[in-house]
Each structure stands twice: as structure tokens, then as C-alpha cells.
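Residues per chain, in single letters:
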Amino acid sequence: MQKTNRRHAIAGFAAGLMGFTALSGAAFAQQTTLSLFAPNDQAAVAYTEAMVAAFEAANPDINVEIEVGPGGTERDNMVKSRLATGTMNDVFVYNAGSLFQAINPVQSTVDLTNEPYMSTILDSFKQTVTAPDGTLRGVPYGQAMGGGILYNKKVYKDLGLSVPLTWDEFMANNTKIKEAGKAPVIQTFGDTWTSQLFILADFFNVQAKNPQFADMYTRGEAKYAATPAAMAGFQKQADVFKAGDLNEDFGAATLNDGLRMLAAGEGVHYPMLTFAVGTIAQDYPDQLNDVGFFALPGDDATINGTTVWMPTALYISAKTPNLDAAKKLVAFVASKEGGCDPWVKLNAITGPFLIQGCELPSNVPAAVKDLQTYFTADGRTAPALEFLSPVKGPSLENITVEVGSGIRTPADAATLYDEDVRKQAQQLGLPGW
Amino acid sequence: MKSRPSILISSAAIAATAVVFLIPFAFIVLMAFKDRQQSSLRDFSWPAGFHLWDNVVQVIATRNWMLVTAFVNSAILTVASVTLLVIFAAMVGFVLARRKTRFNGLIEFLILAGLMIPPAVVPTIWLLQGLGLFGKLHGLVLIEVAYGLSFSVLLYRAFISTIPRELDEAAIIDGARPLDVFFRVILPLLWPVTVTNIVVQSVAIFNDFTNPLYYLPGNGNATVQLTLYNFQSQFNTSYNLLFTNILLITIPPLLVFLFFNRQIVAGVTAGAVKG
Amino acid sequence: MTAASDTRLAPMAVPARLGARPSPYPGWFFLPAAVIYGVLFLMPTFASLYFSLTRWTLFDSTFIGFENFAQFFREPFLIKGLVNTVLYAVITSGLKVVLGMLLALLLTSHILARGYLRSVVFFPVLVSTVGVGITFTVLMHPTNGMINEGLALIGIKGPGWLTNPNLALFSVALVDVWKGVGLATVIYIAGIVAIPQDYYEAARIDGATKFQNFLYITLPLSRPATATVITLSFIGGLRTFDLIWAMTRGGPGFASDTVASVIYKQYQAGFYGLSTAGNVVLFVLIGVLVVPLTMLLNRKQGHE
């Protein structure tokens, strides 16, 4: 009767709700849009939007939805979780090199080896997106970049400083800058990934002293704690903290804060990758040519060069339901029209392109001109370790924050990082660990 | 006992609580009214213009109306979970309070375990994947029910023990079947504690961040808390939008608070004072 | 609510009186809840005991014995997470007990605007933790956050609340207390209000001071409330994740990591076995600390 009906109604209501929850998931899955997981720095965002606009104009039946996500370990983790749980976007931008190896590329990404545009991509890049089974999986998303010190040329001119070729010269410059009332070295631990630059950019110097390091490291034979040249990076980070050369808010400042200080001349040295020049071009175009670049110096003035990063790459998720549309987007990004021209138009060039036929315009920013001098000379570049070895510990950026904040000594940090790397190597199932 | 309220202490209390408890909310509101430039200063200044509406529109439209999807998802999640919780927990609490079986000790232990033991997240993910429930909203509903049962059962058991058995017995003598006794006699009498349970669980599930983070990855399924968390990256230079988002997701609890304050307070003190 | 008829004054079992009728308290009423609880909560908990002993990729697992636990206790930042967790739980529950009691005393005494005060103190309990975390992260910015700018106005140079590694955990704990003290207050208020006035009357006749009232009447008779507040906030503190993650992600470095954030980080990095081992460690930690605590609190109450 009445009460029974009410009971049935409650049961029906609950069942209906459950059914609805299943439906709502299904309804949203029916879109034929492509979803793209893009980086969140200003330059990449501007490029992505311009590239997508051009792509959609040429392909009116495809709609690209851009999702912006963080960088650093957070991105690593988001990518890994999404791939592991089958919730990755159709196409996604992610690092090449060792981080690419760590996401199980054979299972997670689509094989692009036989695509026509692959022949126009430079070999040095193709190496970094080759899966363990020898297939190619990604196309470049951006340009190659150098890792070293971005510096404010104007302050250098005002204080009469010259580009340091050794670490001691660098520290001497810092002292003079501090006396002038500016922050010698900018650190931005609000974005933890930026704290790794001292270690990572120093690899040219490590490679110069220990040419076998990368191979031995992958085999588990070389350790940071036991290799003085490798530990130098941690030591450098500790040195600038100890000397009091950091900006006051280094603990909470973000990448954007750092670039603002650099462009304005409030801070003079910023260990960073040159992709950031693109962001300066977006946000502080008037100060763009006040910013220059030099390599992180070692001990020897005659052996001075920069560590080079390949750009991030665009991959197609193996589980995408929109394979054809995804392949069209990737082909566009691998072409001059989609992969080079938008960057040129935005004046956001940060290094050489990896696609044949893409020339750098003559009016590139000052920092990029500085970077080019390393490429044109012989033996002044070395690829970053993550492109020579599949092993990179997930906690490096936390460890470098500790070193850079004076919480942990360089020796401890190196030991800790070796442990961290060991976990990663074991999880990857590498022999010898 | 003073017969007159102390003006001094009262004013001090009002002022102190305003500074400590109200200023952060005032900050949120102020930031939501500013534009991008001014909000990046992160100070407590008065907004230069009235940008609230623009900010709200921009936040809601971000990433293809993701916030709207999120609100819908959170609403479905909350309503479905709470409905199931009320029914199932009341059933358990009822039999637990009325009938002495040898299982009662075990059940008490399991309830306490549910309050204390942290859920084993990775095994749960593995299990959900096996059952095909991972990353689905109805999977999360069942999870929220599983985690919320302990508190709800305790609530119901305590309250049912205050309903005289004579009522059950009278209904049985009248020829009522077990389900009838439960739904026609007991459940209506449980209305006060049900309202309390609904309110407390709704707030908890709406504000839940950890469980959707682990069990509902992927943006199509996002709940409001996850969306707020993800938008930190999206709005990394637009504090005005970020705080507008915070303001928007504070509205449902505010409404609940205005209408159901008494029930919440009753709910959380239930059993607390009686031990 | 009245603590009226207690099932311990058990009447006779119904079926025996009424003959061959099904019990009005059928066992199958337990079933839906039991299935959901058993499958989605108990099973993973048991599974975690096994998987914590493996290197796990969610698809296959290799048994490695106690290696995960050895690693957990070998890596300094994993141990720090353990220490931080206990520290955090002690600080937050301690502060909530003390401040909650003080606020409850204030709010049950003769002052104006009690309704406003109770609302204002309680509202943060209902607000999103992530929202609170983001708001306070901005307020606590070392140079242009409002808290330090306010301190600068009175001449104090505010510290790096979230950037100083020695302070970060404590700052998050303070925000936790800000958010949660309202709950403790409300529980205490209920406890205090339930104390019969006769006690206070008798004390007044005996000439007791307010402080003596508090010490000898209020405090002992709010033992149940204190027990509840301590237990709830201590367990909550041990399991804390949301606020830490929203405010510092366990940083700077690893300074504010707790076991829950360590579990999440290991999960994110794909070290599923290690993450599960962390879960087991947390489980054991809670068991070892909370069970004796509960027994202690309840036994004390028994003596009253």
C-alpha cells in the first residue's frame, strides 16, 4: 500500500541514482574532441594555443581541448598515474629521454616509426624518443634548450662584470653584485623542479672529467656520492646558499617570480633552461634582450660548455579512441607549419629546432644568440644525463631544495639521491642494481 | 555568578574571533572581486573594481565548463552515497541495538576498526580495477559508503537504543513483517538522527579530497575539490580566479550551515558526551 | 538526546514469545553493509599485508620479503615522515583540547553575542580543506603574505611559515587547529552544558572561586568530551594528508612529509609495494598509539 510504495520508491530512487552515475560517465565519453595534455609555462601555453588554432582552422572537423598541467615531479606523477589507470588524454606532452623510458613507452604510447614526417626530424632527437624495442614514439614539442645561467646583461654592464668561465669567477661576480644591493642568485623553490638546475646543468662538467659516467651510472657502477665531479653540482648549490647569495624569498618564489626579478634586474643570475626565455618574451618583451645566457662554469676555464636538453615531446596515448585525429595533430606538430612557425611568430625561440627546414630567424633574443655560440663551436655542448641514461630518481627536486635551503649537506644529499635512484632502477628492472 | 554579561570580555572575544576566524574569509572574498593584476599582489587591499561577475564567468567556463561538471559530479556523489549510507547503516544499527547475537562483539570491533584503520589505498585501487569500478563515479560512491559506515552505524545504534522496544513489539503483534517494522515504525522515528547523519556525511563527502584523488583520476570525473586542486596549475598567475573558485565551493557548506546548524552540532556531539 | 532504555537491560528474545515468526531483527539486515564494507574496506586491508612484502606494478608482483620495510626505515625522509606524523598528531590534538576547552568555557559563560561567536568558531570546520590550504598558503607567503605584512606593521619580522623547514610542519598544524578547533569547542560545550547546576550551587555555597569550580567540577565532569576530542583529533592527526598536500606537498624538501603524504608520493612514483608498506606502517602506528590511548582515557572515566 502506501508504505510499501514508499519503500519501493526509495529503493528505486537509490537504484536510479546509481544508474545515473554510470550514465553520466558514459555521456561525457562520447565526445569526439581530442584532448591534449600541455605544459603550463607561459611560452608553451601561448604556442599551444596558436598551434591548436592553426590546426583547427586546417581541420574543421577536429576540436582540440587543451589541458594545462604542472611540470616537474608532479607532471611525472600525473602522467604515470594516468597511464597506469587508463585515463590519459589522447595526446600528451612529456619529457623525452629517461623520463620517457620510465613510463613504459612500448605499452603506453603509439608507434610512430613509419610516419612520413619522421625522416625530417633530426637524429639527435629521435634517439631520445626511441622505446626499448627500437620504435619511435614522439615528435618534438618546442626547441632544444641549454641549461645554465640566465643573467641580466644590463647589470653586468653597469657593474663592469664579464661572463665567468670558472666557478670561482662566478662567486666573485656574486660578491660584487651583492655589494651593489641586488640578489646575485635567484632560486625559486615555490616551483620545486627549478631547484634541480645546478645538478643537472653541471653535467657538461661531469662528462668532461668522467666521460664514462653515464654508462657506469646506468649499470649501477658509478654513484653520485663516490664521484667528486658529480657531487660538485650539489656542492655548488650549497655554496651559493652558504654565501648568502640568494634572493630573500627563495623558499616561496615561483618560476614566474624568478623571471620577473631577472628581467627587472632585481636578481642577476638564474640557473634555468632557456625555454624560459620564451616566457620572458611573452611577459616582459621590453626587457627581453637584457637577458643573456652562459654555461654553468666548472673549474677549468678552457673546458667550458653547456648541457643541452632536447625539447619535450608529443606522444599519442596507446588507449586513445581517436587515433586518426591524434595522428593528424602529431603530423601537424612535426611539420614546419605547426612545429616551428608559431614559435617564430611569438618570438619565443629558445634554441635550435629539431625539424629539418626550420631556420632560426635573425632577430632571436639575446640569450638564444648566446646559446648558439656554444653550438657553433666544437665540443662545447653535452646532452643532459637524462638523455644518456634511463635512470633518474623521482625525489631529486626535493633533495635539491634541501641542499639549496641549507637543510642537508651535499655529501648527504648525494648519498640520498643514490638511494632514490636505486629505487627507480629496481622498479624499472635494470640489471646490476 | 555574574548577573551582567561582561562587556570587556565580550568585546575582546568578538574582536579576537573576528581577526582570527573572519579575516581569512574576508581575504577570499576580496581576492574574488579583484582583477588579475591586483590579485597578484596578494594583499588585503580594497578591490579597485568590481570584477566578481567576470571572474565567476571565467572560472565556470574554464576548460569547457569543468566546474559545472565538477559540481554535478560532487552532487551525484554526495546524494547517492548519503542515501545508501542512511539506509544500510540504519539497518545495521537497528539489528545491532535490538538483538544480542554472538556476532555483536565482532561487529563492534569492526566498527571501531573502520574509524581507526586507514584505508589501504593501492590495494583498493587494484581491487577496483579488477571489479571494473576504478575511475567511475559509482565506484567512488561505494567507497564513500564503505568508509562512512562506521560513523553512521554508531550514530544509529546509539539513537535506536533510545526507542523503546515496546513499539517494535506492538507492531509485530499487529502482524508487521520485519521490513515493515523497520521502514514503517523505526525509520520515521529516526528522522532527527537521519537528518544529522545526512548533514554530517554530506559535508564530509562534498569536501572529500583524498578519495577522489586516488580513486577518480581523470578530468571528466572530477569533483569540486579535485578541480580546485587542479586549477592551482591552471590559474598559477591568476589568483583572482583561484579565489573565486574557492568562494564558489564554499557556498554549499555555507548554505548547509545556515539551515542545519543545529543538526550538525547535535550530530557531532552524539555519543561524545555519553561516552 | 536522552540516554534512556539501554539494551543491556535486555528483554526476552522476541521469537521465543511469539512462536514461529521470523525475527523482526533479521540477520540479513547486516548484509548490504557487510558486503560493501567487507569487499571495499576489509579485503584491501588484508591484501595490503601481503602486497607490502612485494615489489608491485599492479599487474605483477615479486615477493621481496621485508625489503620495503627495511627501505622505509633506512631512508631518512621516510623516517622523518613517521616522526612528523606523530609530532603533528600530538601538537594538533593537544592544541585542540586546550583551545577547545578554553573557547567552550568562554562560550558558555556570561558574554554577549554567543550565537555569533559559536557560529564564527565552528564555520571553518565545514569548509573545504583544499580551499583553506590554498588560502593560508597565500596568507603565509614570507614577504608579501598578509600575516607577515601584519606583523611588520607592529615591527616584527615574520618568519618563513612554510619555507622554513623547521617551521613548515608547525605552520600546517596551526592551520589544522584553526580549521578544527570549532569541532572540539562544540563537543566541549555539549559536555559542559550537561553538567548539572547543582554542583555549581553547592560550590558557591562553599565559597569556591571560579578557578576551583573549573578544576574540581568542570574539568573532571567533561572527561568524556575530552576523551572524544583527544581520540578524534589524534587519529585525524595521524592520518593527515589533505592539508599537508594542499599547502606544502611535504616540502620544503621533506620537512613536512607525513606518512600519508609519503604513501601518496610513493604511489605517484609507481612504487606500489613501498606505498602499501607505508600503509601498513601507518596502520600499525595507529594501532600501537591509539588503542592504549583509548583504553587509558576510558579507564580514567570509569574511575569517576
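Residues numbered from 1 in each chain as written. Chains lettered and ligands numbered in written order. Predicted model: local features only at pLDDT ≥ 70, side-chain atom pairs only at ≥ 80, totals over all residues. Heavy atoms only, no water.

**A closer look at the overall build of chain C**
No. 1: Secondary structure summary: chain C contains 14 helices and two strands in total.
No. 2: Looking at chain C residue by residue over its 304 residues, the buried ones come to 55%.
No. 3: The long-range fraction of contacts in chain C, counting pairs at least 24 apart against all pairs at least 6 apart in sequence, stands at 65%.
No. 4: With an accessible surface of roughly 13100 Å², chain C has 69% of that area assigned to carbon and sulfur atoms. (Helix = DSSP H or I, 4+ residues; strand = E, 2+ residues; numbered from the N terminus. Buried < 20%, exposed > 50% of the residue type's maximum accessible area, 1.4 Å probe, protein only. Contact = heavy atoms within 4.5 Å. Areas by Shrake-Rupley, 256 points an atom, 1.4 Å probe, with all protein chains shown as cover.)

**Overview of a nonpolar patch on the surface**
No. 1: On the surface, a nonpolar cluster with roughly 560 Å² of combined accessible area is contributed by Leu131(B), Trp28(C), Leu31(C), Val35(C), Val39(C) and Met43(C).
No. 2: No other element matches the four residues that helix α2 (residues 31–51) of chain C contributes to the nonpolar patch.
No. 3: Looking at Met43(C), the relative accessible area reads 44%, which means it is partly exposed. (Patch = residues over 30% accessible without salt bridge, like charges linked within 9 Å, V, L, I, M, F, W, Y side chains within 5 Å. Salt bridge = Lys/Arg side-chain N within 4 Å of Asp/Glu carboxyl O.)

**Details of the nonpolar core**
No. 1: Counting residues in hydrophobic clusters, the biggest one holds 291 residues, and the most contacted among them are Leu36(A), Leu150(A), Tyr224(A), Phe234(A) and Leu190(B).
No. 2: A domain split of this core shows at least three residues from each of domain 1 (31–143 + 311–345) and domain 2 (145–309 + 373–427) of chain A.
No. 3: Those residues in contact with Tyr224(A) that lie beyond four places of it in its chain are Ile199(A), Phe213(A), Tyr217(A), Ala230(A), Met231(A), Phe234(A), Leu385(A), Ala414(A), Tyr417(A) and Asp418(A).
No. 4: Residues Ala13(B), Met101(C), Leu107(C) and Ile189(C) belong to the second largest nonpolar core, which totals 15 residues. (Core = buried A, V, L, I, M, F, W, Y, C linked by side-chain atoms within 4.5 Å. Domains from an automatic or database assignment.)

**Here's the deal with the confidence of the model for chain C**
Residues and elements named next belong to chain C.
No. 1: Looking at chain C as a whole, its pLDDT mean stands at 84, while 90% of the residues score no less than 70.
No. 2: This stretch, residues 1–18, has a pLDDT under 50; its non-local contacts, to residues over four places away or in other chains, come to 23 contacts.
No. 3: Both scores are available for the predicted complex, with the pTM at 0.82 and the ipTM at 0.87. (pLDDT = per-residue confidence, 0-100.)

**Some details on the domain arrangement of chain A**
Residue and element names in this part refer to chain A.
No. 1: Looking at chain A, the domain boundaries give domain 1 (31–143 + 311–345) and domain 2 (145–309 + 373–427).
No. 2: Using C-alpha coordinates to define each centre, domain 1 is positioned 27 Å away from domain 2.
No. 3: On the domain 2 side, the residues contacting the 18 residues of domain 1 number 18 residues.
No. 4: For the pair domain 1 and domain 2, the summed buried surface comes to about 1300 Å²; carbon and sulfur atoms form 57% of the total.
No. 5: When residues of domain 1 are sorted by the area they lose upon contact with domain 2, Gln42, Thr73 and Ser98 head the list and together hold 35% of the total.
No. 6: Viewed at the interface, domain 2 and domain 1 are joined by two residue pairs in polar contact (both at pLDDT 80 or more).
No. 7: Elements supplying a minimum of two residues to the side of domain 1 that touches domain 2: α2 (42–58), α3 (72–84) and α4 (98–101).
No. 8: In terms of residue class, the side of domain 1 that touches domain 2 is made up of six nonpolar, ten polar and two charged. (Buried area = accessible area lost by both parts, 1.4 Å probe. Polar contact = N/O pair within 3.5 Å; in protein donor to acceptor, adjacent residues only side chain to side chain. Nonpolar A, V, L, I, M, F, W, Y, C, P; charged D, E, K, R; others polar.)

**Here's the deal with the pattern of salt bridges**
No. 1: A complete count under the given rule lists 23 salt bridges over all chains for this structure.
No. 2: Where Glu248(A) meets Lys157(C), a salt bridge forms, and the shortest distance between an N and an O atom there is 3.7 Å. Taken together, the residues Glu248(A) in the loop between α12 (228–242) and α13 (255–264) and Lys157(C) in the loop between α7 (146–153) and α8 (168–193) connect one chain to another.

**Focus: the state of the cysteines**
Residues and elements named next belong to chain A.
No. 1: In total, this model carries one disulfide over all chains according to the counting rule given.
No. 2: Note that Cys340 is cross-linked by a disulfide to Cys358, the S-S spacing being 1.9 Å. Residues Cys340 and Cys358 are joined by a disulfide whose S-S torsion is about 80 degrees; by sign, that bridge is right-handed. Residue Cys340 is found in the loop between α16 (336–339) and α17 (341–345), and its partner Cys358 is found in the loop between α17 and α18 (366–376); the two are separated by 18 residues along the sequence.
No. 3: Residue Cys340 is classed as buried on the basis of its relative accessible area, which comes to 2%. (Disulfide = S-S within 2.5 Å.)

**Some thoughts on the interface of chain B and chain C**
No. 1: Taken together, the contact pairs 103 residues of chain B with 98 residues of chain C.
No. 2: Of the roughly 9100 Å² buried between chain B and chain C, counting both surfaces, carbon and sulfur atoms make up 76%.
No. 3: Run the count over chain B and chain C and you get zero salt bridges.
No. 4: The tally of links from chain B across to chain C stands at 16 residue pairs in polar contact (both at pLDDT 80 or more).

**Focus on the confidence of the model for chain A**
No. 1: Per-residue confidence for chain A gives a mean pLDDT of 87; residues scoring 70 or more make up 93%.
No. 2: Under a pLDDT of 50 for its full length, residues 22–31 of chain A has, in the predicted model, six contacts with residues more than four places off or in other chains.

**A short note on the environment of Phe241(A)**
Residue and element names in this part refer to chain A.
No. 1: Structurally, Phe241 is set in helix α12.
No. 2: You can call Phe241 partly exposed: its relative accessible area is 28%.
No. 3: Each C-alpha atom, one on Phe241 and one on Gly406, is 6.6 Å from the other, the two residues being 165 residues apart in sequence.

**A few points about the side chain of Lys96(C)**
No. 1: By the secondary structure assignment, Lys96(C) is in helix α4 (residues 76–107).
No. 2: Exposure remark for Lys96(C): the relative accessible area of 11% places this residue in the buried category.

**A short note on the sheet that holds strand β3 (residues 91–94) of chain A**
All names here are of chain A.
No. 1: Ordered in space as β2-β1-β3-β10-β4, the five strands form an open sheet in which the pairing is mixed. For this open sheet the edge positions go to β2 (64–69) and β4 (138–141), each flanked by a neighbour on one side alone. On average, adjacent strands in this sheet sit at an angle of 25 degrees to one another, irrespective of strand direction.
No. 2: By the bridge criterion, six bridges tie strand β1 (residues 34–39) to β2 in an arrangement that is parallel. Considered in β2, the bridge of Ser35 is made with Glu65.
No. 3: The sheet contacts of α2 involve β1, β2 and β4, and relative to β2 the element is tilted by about 170 degrees. (Pairing = 2+ DSSP bridges. Axes fitted to C-alpha atoms, helices over the stretch in contact; angles between N-to-C directions.)

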